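Residue-level structural notes
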Amino acid sequence: MAPPKIHPDERSVADVVPTDAYAPHDRVWVYRDGQWRPGIVYDASSHAATVIYSSTTARGTEVEIRTARYVARRDRIDLSIDALSYV
């Protein structure tokens, strides 16, 4: 599955998966700085998910807390993030 082609604010409520439906290690797309990036769920609650995603501004990864609107399921494997051993 390719990254969503829509801005998170334009997503239909029906298309947004609640964050408590995600589990640690789930592959997701994370919206940050105007683009969807491959990421992995570190933890999730009914309010938000803590996600790890590939940084585009530095080498390595970034960790952030994102609400459901800014996270989407990802099926495509991305070795830059999915191969991390600490996740």
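As shown above, the structure is provided for reference.
All values derive from a computational prediction rather than experimental measurement.

What follows concerns the environment of Asp9. Mapped onto the elements of the fold, Asp9 is located in the segment before strand E1 (27-32). Placed 61 residues apart in sequence, Asp9 and Tyr70 show a C-alpha to C-alpha distance of 8.5 Å. If sequence neighbours within four positions are ignored, Asp9 has contacts with Arg69 and Tyr70. In this structure the side chain of Asp9 is engaged in a polar contact, spanning 3.0 Å, whose partner is the side chain of Tyr70.

The subject of this paragraph is the packing of aromatic side chains. A complete count under the given rule lists two aromatic pairs for this structure. Geometrically, the ring pair formed by Tyr31 and Trp36 is edge-to-face, given 5.2 Å between the ring centres and 65 degrees between the ring planes. Residue Tyr31 is classed as buried on the basis of its relative accessible area of 12%. On the basis of an interplanar angle of 40 degrees and a centroid distance of 6.3 Å, the ring pair of Tyr31 and Tyr70 is categorised as tilted.

Turning to the nonpolar core, a few remarks are in order. Side chains of nonpolar character tend, in soluble globular proteins, to be buried together. One finds Tyr22, Val28, Val30, Val41, Ala49, Val51, Tyr53 and Val71 forming the largest nonpolar core, which totals eight residues. Elements represented by at least two residues in this core include exactly E1 and strand E3 (49-54). Considering each element in turn, this core owes the most residues, three residues, to E3. Setting aside chain neighbours within four positions, we find Val51 in contact with Val28, Val30, Ile40, Val41, Tyr42, Glu62, Val63, Glu64 and Arg66.

Paired through their backbone hydrogen bonds, the strands of a sheet run either parallel or antiparallel. One open sheet holds the five strands; their spatial order is E4-E3-E2-E1-E5, and the pairing between them is antiparallel. Edge positions in the sheet fall to strand E4 (61-66) and strand E5 (71-73), since each has one partner strand and no second. Taking the axes of each pair of neighbouring strands and ignoring which way they run, one obtains an average angle of 40 degrees across the sheet.

Time to look at the pattern of salt bridges. Evaluated as defined, the whole model comprises six salt bridges. With a closest N to O distance of 3.7 Å, Arg73 and Asp26 form a salt bridge. Of this pair, Arg73 sits in strand E5 while Asp26 is found in the segment before E1, placing the two residues 47 residues apart along the sequence. We note a salt bridge from Asp33 to Arg32, for which the minimum N-O separation is 3.3 Å.

Its identity is not glycine, yet His25 carries a phi of approximately 85 degrees, on the positive side. The topology assignment puts His25 in the segment before E1. Relative accessible area serves as the criterion here: at 51%, His25 is assigned to the exposed category. Its identity as a non-glycine residue notwithstanding, Asp33 has a phi of 55 degrees, on the positive side. Assignment of secondary structure puts Asp33 in the loop between E1 and strand E2 (35-44).

Rules of the game
Residues numbered from 1 in each chain as written. Predicted model: local features only at pLDDT ≥ 70, side-chain atom pairs only at ≥ 80, totals over all residues. Heavy atoms only, no water. Helix = DSSP H or I, 4+ residues; strand = E, 2+ residues; numbered from the N terminus. Contact = heavy atoms within 4.5 Å. Polar contact = N/O pair within 3.5 Å; in protein donor to acceptor, adjacent residues only side chain to side chain. Phe/Tyr/Trp six-rings, centres within 6.5 Å; stacked < 30°, edge-to-face > 60°. Buried < 20%, exposed > 50% of the residue type's maximum accessible area, 1.4 Å probe, protein only. Core = buried A, V, L, I, M, F, W, Y, C linked by side-chain atoms within 4.5 Å. Pairing = 2+ DSSP bridges. Axes fitted to C-alpha atoms, helices over the stretch in contact; angles between N-to-C directions. Salt bridge = Lys/Arg side-chain N within 4 Å of Asp/Glu carboxyl O.

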